[in-house]
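Structural overview
Each chain is listed here by its residues.
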Amino acid sequence: MKKILAFALILVLACLFLDKIGAGDMHMQFNGDDVDGPLEWLFGLVFAGGGLAIALIALVCAFVVAGVVVAGVGLFMVAGIVIGGGVLVLVLLACSAPVLLPLLVIAAVIWLLSKRSRQQARARQAGM
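The structure contained in this document is the topic of the report that follows. Nothing here was measured: the structure is a model prediction, and the numbers come from that model. The numbering scheme is per chain: residues are counted from 1 as the chain's sequence reads. Only residues with pLDDT of at least 70 are given local features in this predicted model, and only at 80 or more are side-chain atom pairs given and counted; all residues enter the totals for whole chains, interfaces and linings. Here the side-chain values reflect all heavy atoms present in the structure, with hydrogen atoms and water set aside.

On to the overall build of the protein, then. If you tally the helices and strands in the protein, you get 2 helices and 2 strands. Strands are runs of DSSP state E lasting at least 2 residues, helices are runs of H or I lasting at least 4, and numbering of each runs from the N terminus. Starting at the N terminus, the α and β elements of the protein follow one another as α-β-β-α. To sort residues, take the accessible area from a 1.4 Å probe on protein chains only and compare it with the maximum for the residue type: under 20% means buried, over 50% means exposed, and anything in between is partly exposed. Within the span of the protein, comprising 128 residues, buried residues form 6% of the whole.

For patch building, the residue pool is restricted to those with more than 30% relative accessible area and no salt bridge; the joining distance is 9 Å between like charges and 5 Å between nonpolar side chains (Val, Leu, Ile, Met, Phe, Trp, Tyr). Each accessible area value is a Shrake-Rupley result obtained with a 1.4 Å probe; residue values ignore everything except the protein chains displayed when judging cover. Salt-bridge detection follows one rule: a side-chain nitrogen of Lys or Arg within 4 Å of a carboxyl oxygen of Asp or Glu. On the surface, a nonpolar cluster with roughly 790 Å² of combined accessible area is contributed by V89, L90, L93, V99, L100, L103, I106 and I110. Looking at the secondary structure, you find L103 in helix 2 (residues 39-127).

Structure (structure tokens):
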């Protein structure tokens, strides 16, 4: 991508250079005075290239700012989805709590039995 960008920039500057050399009807003015002669096309080329460089810098800055803004908005969107999803899960659990009560009782009994067996295994290891 960098090679293509460099090639495109050189091509545009070359086109501007050839346009400025062949332009015989161009008139430049500095502080109200006409600039003629061989330096007229050189000044045109320098100012056109400078304008392109300024435009390139402005575009890069605009892309960076747009990237930061899009990343920030995306971060807020992901946070909103996570928070909204968490609230949705809590609401669904609250609505389905009476239905899931028998499963919750079974899960609590299994948890207590596994906790009790772990405590007994630790007591046996400590006693040995």
